[in-house]
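Architecture and fold: a report
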Amino acid sequence: MRLVETKATEHRLELAQGKMSAKIWAPPRLFFVDTPAGVAADLGCAYTLEVDDMGVGLLHVTSGWVALQLKDRESMVPAGASCATRPGVGPGTPYFDDASENFRVALSKLDLGYVVDVPDLHSPLQVVLAESHPHDTLTLWHLLARVEGNDRARVYERLVAFVPPPDGVTREGVLQLDEQMLQLWKGKLVTTWEGESRLHKWLGVGIRAVGNVRGVIRKR
């Protein structure tokens, strides 16, 4: 680990290998950690971050939210969830830690772009959809932008079964990845990702900060 930069508006570390734990009691978008496979940006949180000797990382959030990003690929990770990062791929799809092993293995295959030549019933995406529960909409919402065509439609239908989209959000718009509609739906989905007592504190941070986090990271 090394210190990259520290100033009033930004504190940045680099974790090349090893494991670190962070608790940030400061305004969001102030503390960043560079890894070989992405940048962890604090949005008011506590988390652990580890990187192995191959550059593969694993983020586990225990409080608040963390944004993981590599170029245009971003994952928003709330408390109780984890997300892997891989060189050449970037942030994987976040998942809650109580997800089944089958769910996590299938999700890892999806993130790596595996094509499995077996019946559709046993494809990685079908396993993720079949094993998902209401708060796994965290994973499904992220997957919308990471799959295409009929697969995106299948993810949409599974999401709708758990949490119907709010007024103003249409199937056509979501399948076309309309950013405003995706964020509106996310605002409703967050209620299944965290407790009501923490919702108002972190919802504003988690949603409003996305654009600012992207801007800060892209300047690097």
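Now for a quick tour of the structure. (Residues numbered from 1 in each chain as written. Predicted model: local features only at pLDDT ≥ 70, side-chain atom pairs only at ≥ 80, totals over all residues. Heavy atoms only, no water.)

Moving on, we get to the overall build of the protein chain. When helices and strands are counted, the protein chain shows seven helices and 10 strands. Every one of the 220 residues in the protein chain was classed for burial, and the buried ones make up 47%. Taking the intrachain contacts of the protein chain between residues at least 6 apart in sequence as the baseline, contacts between residues at least 24 apart amount to 44%. On the protein chain, roughly 10,700 Å² of surface is accessible, and the fraction owed to carbon and sulfur atoms is 53%. (Helix = DSSP H or I, 4+ residues; strand = E, 2+ residues; numbered from the N terminus. Buried < 20%, exposed > 50% of the residue type's maximum accessible area, 1.4 Å probe, protein only. Contact = heavy atoms within 4.5 Å. Areas by Shrake-Rupley, 256 points an atom, 1.4 Å probe, with all protein chains shown as cover.)

Time to look at the pattern of salt bridges. On inspection of all chains with the given rule, the structure shows seven salt bridges. Among the ionic pairs, E14 bridges to R2, the shortest N-O distance being 2.4 Å. Here E14 is found in strand β2 (residues 10-14), whereas its partner R2 is found in strand β1 (residues 2-7), with 12 residues between them in sequence. Note that K7 is salt-bridged to E5, the shortest N-O span being 3.5 Å. When salt bridges with common partners are traced through the structure, they connect E10, R12 and D34 into a single cluster. (Salt bridge = Lys/Arg side-chain N within 4 Å of Asp/Glu carboxyl O.)

Right, let's get into helix α6 (residues 179-189). Considered for burial, the residues of α6 that qualify are M181, L182, Q183, W185, K186 and L189. Measuring from the backbone nitrogen of Q180 back to the side-chain oxygen at the start of α6 gives 3.2 Å, which picks out D178 as the cap. (Polar contact = N/O pair within 3.5 Å; in protein donor to acceptor, adjacent residues only side chain to side chain.)

Turning our attention to unusual backbone geometry. If you check the backbone angles, R29 has positive phi at about 65 degrees while not being a glycine. Of note, R29 is situated in the loop between β3 (18-23) and β4 (31-35). Look at R29 and you get partly exposed, because its relative accessible area is 27%. Residue L177 is not a glycine yet carries a positive backbone phi of 60 degrees.

Of note, E74 is situated in strand β7 (residues 73-78). When the C-alpha positions of E74 and H142 are compared, they lie 8.9 Å apart, and in sequence the two are 68 residues distant.

What follows covers helix α2 (residues 124-131). Here α2 has its buried residues at P124, L125, V128 and L129. Along α2, the residues classed as buried sweep out an arc of 135 degrees about the axis, all on the same side. For α2, the elements touching its buried residues are α1 (101-111), α3 (137-143) and α4 (149-162). (Arc of directions from axis to C-beta.)

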